[in-house]
Amino acid sequence: SSKRRNALRVKHVAKVVKALNLGDLLSGQGLKQETTLKRCGNSCWGSHYNTLLSILNIFSAVISVLEIVIDDGPKSGQRGEAKNLLELMLSYNFVFCLHLMRNILGAIDELSQALQRKNQDIVNAMNLVRLCILQLQTMRQSHDINVPNMDDMFMDRERSLRKAQEIINLHHYRVELYYIVLDMQLQELNSHFNKTNIELLLCLACLSPDDSFSAFNKQKLLWLAQLYPNEFSAIDIMALRIQLDTYILDIRTSGEFSQLEDISDLAKLMVKPKRHKVYPLIYLLIILALTLPIATVSVERAFSAMNILKNQL
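Residues numbered from 1 in each chain as written. Predicted model: local features only at pLDDT ≥ 70, side-chain atom pairs only at ≥ 80, totals over all residues. Heavy atoms only, no water.

As named in an unreviewed UniProt entry, the chain is HAT C-terminal dimerisation domain-containing protein, taken from Citrus sinensis.

1. What about helix α5 (residues 92–116)?
If you check α5, its first and last C-alpha atoms are 34 Å apart, about what 25 residues at 1.5 Å a residue would give, namely 36 Å. At D109, α5 shows its maximal kink, close to 45 degrees. (Helix = DSSP H or I, 4+ residues; strand = E, 2+ residues; numbered from the N terminus. Expected span 1.5 Å × (residues − 1). Bend = angle between axes of the 7 residues up to and from the residue.)

2. Description of the environment of R9
Positionally, R9 belongs in helix α1 (residues 2–22). Between the alpha carbons of R9 and V65 there is a distance of 9.7 Å; along the sequence they are 56 residues apart.

3. Quick notes on helix α6 (residues 122–141)
One turn of the α-helix equals 3.6 residues, which is why residues spaced by three or four share an orientation. Between its first and last C-alpha, α6 extends 29 Å over 20 residues, near the 28 Å set by a 1.5 Å rise per residue. The elements touched by buried residues of α6 are α5, α7 (169–192) and α8 (195–205). (Contact = heavy atoms within 4.5 Å.)

4. Topic: the packing of helix α11 (residues 234–252) against helix α14 (residues 280–290)
At a minimum axis separation of 8 Å, α11 and α14 run at an interaxial angle of 95 degrees. Looking at the two axes, α11 sits roughly perpendicular to α14. Judged by residue contacts, D236, A239, L240, Q243, L244 and Y247 of α11 engage P280, L281, I282 and I286 from α14. (Axes fitted to C-alpha atoms, helices over the stretch in contact; angles between N-to-C directions. Parallel < 35°, antiparallel > 145°, perpendicular 65-115°, else oblique.)

5. Focus: the pattern of salt bridges
In total, this model carries 4 salt bridges according to the counting rule given. Across the pair D245 and K218 runs a salt bridge whose closest N-O atoms are separated by 2.9 Å. Taken together, the residues span a long stretch of sequence, with D245 in helix α11 and K218 in helix α10 (residues 218–226) at a distance of 27 residues. Using a relative accessible area of 38% as the deciding quantity, one classes D245 as partly exposed. (Salt bridge = Lys/Arg side-chain N within 4 Å of Asp/Glu carboxyl O. Buried < 20%, exposed > 50% of the residue type's maximum accessible area, 1.4 Å probe, protein only.)

6. Here we look at the state of the cysteines
One pass over the structure, following the stated rule, counts 0 disulfides. C203 carries a free sulfur, and the closest cysteine sulfur to it, the one in C206, is 5.8 Å from it. (Disulfide = S-S within 2.5 Å.)

7. Quick notes on the packing of α5 against α6
With their axes 9 Å apart at the nearest point, α5 and α6 run at an angle of 175 degrees to one another. Between α5 and α6, the interaxial angle falls into the category roughly antiparallel. Of the residues in α6, those in contact with N103, I104, A107, I108, E110, L111, A114 and L115 of α5 are A125, L128, V129, C132, Q135, L136 and M139. For the contact of α5 with α6, a count of residues per class yields 12 nonpolar, 2 polar and 1 charged. (Nonpolar A, V, L, I, M, F, W, Y, C, P; charged D, E, K, R; others polar.)

8. A short note on the packing of aromatic side chains
Summed over the entire model, instances satisfying the criterion amount to 6 aromatic pairs. Taken together, a centroid distance of 6.4 Å and an interplanar angle of 85 degrees make the contact between F213 and Y247 edge-to-face. In this pair, F213 is assigned in helix α9 (residues 210–213) and Y247 in helix α11, connecting sequence segments 34 residues apart. Classification of F213 by relative accessible area gives buried; the value is 2%. For Y247, a relative accessible area of 2% puts it in the buried group. (Phe/Tyr/Trp six-rings, centres within 6.5 Å; stacked < 30°, edge-to-face > 60°.)

9. Here we look at the side chain of S208
If you trace the backbone, S208 turns up in the loop between α8 and α9. Owing to a relative accessible area of 18%, S208 belongs among the buried residues under this scheme. A polar contact of 3.3 Å, which involves the side chain of S208, links it to the backbone nitrogen of D210. Those residues in contact with S208 that lie beyond four places of it in its chain are F213, E261 and I263. (Polar contact = N/O pair within 3.5 Å; in protein donor to acceptor, adjacent residues only side chain to side chain.)

Quick look at the structure:
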C-alpha cells in the first residue's frame, strides 16, 4: 500500500541521513541513495538479482516497517503475516540464502543481460558462458561459510523433531544448500551450453553482417553446412567452398549491405537484389540458421504478455 511504501521511504531516508552524518556514505549528484523494493520480472528471462540487491540495500528499513505492521496492522491476518515474515527474515537461514543467491545471480547477470539483447554478440556471450562456469566452480571450491556454532545440530523448522535428520549446521549450509544450489546452476549451464552447442552458436555468428561481416569464417561455415547432410550433399559442400569466397567479396564491396546488424536483415536484403538466387547454398545456410534460435527473448516475452491477457483480463 502507499502507506507502507511511504513508511519504508521514511525509514530508509533516516538511515541514509544517519550514514551521511557519520561519514559512512558519500553524498553527491547521481548517487541514488534512496531506493525502493523492486518487483520481480514477469518473464522467465527476468532475473531476481536487482530484487535481492534492493532487499539488501534497505534491509533494516524493511524490518522496521514489518514491526510497524505487527503493532498497528488493520487486520489480524496482516499482523500475523508480518510477524512470520519478520521471524523468517531475521533468521540466519534467510540471510545466508539471500547472500548466496545474490552472489550466484550476480555471477551470471552479465550473461543473462547479453542473452536478452536483441542484437546478440554471440562470440562475447559464449565467452561469458565460459567465465560464468569458471566463476561458479571457483565459488564451489573456495567456499567460506561463517556461522556461529557450526558444530551444533541443525533444527529444521519445517519438520517435527521426531522426523528431523540429525545433521550439524556445517553439513546443512555447506552440502544441502551451498553445494546443491551451485551444482544445479552449473548443471543448467553445462546442459544448455555444452561443447557442441557452443561450436554451433559460434558458427552461426560467422554469418552475422555486423561490422562489415568481420565475424566471417569460411571453415566454420563449411562445418555448419556439414551438420545438415539432408540439405548439403558432398558435391554441395565443394560448391559452397567456392561460393563463399565470391559471396564475401561481393557483400563486403556492396554499399547496400554495409549497415546491416543481424542475420534476419541479411536474409531480407539478399532477396531484394536477387542475391539469394546467385548464392543459393549460402542463402539456404542463412535460412537454416534463422530456424535454430526458436526460444528467443522476444518470443518468451510475447508468451508472457499472452498469459497476462488470458489469465488477468
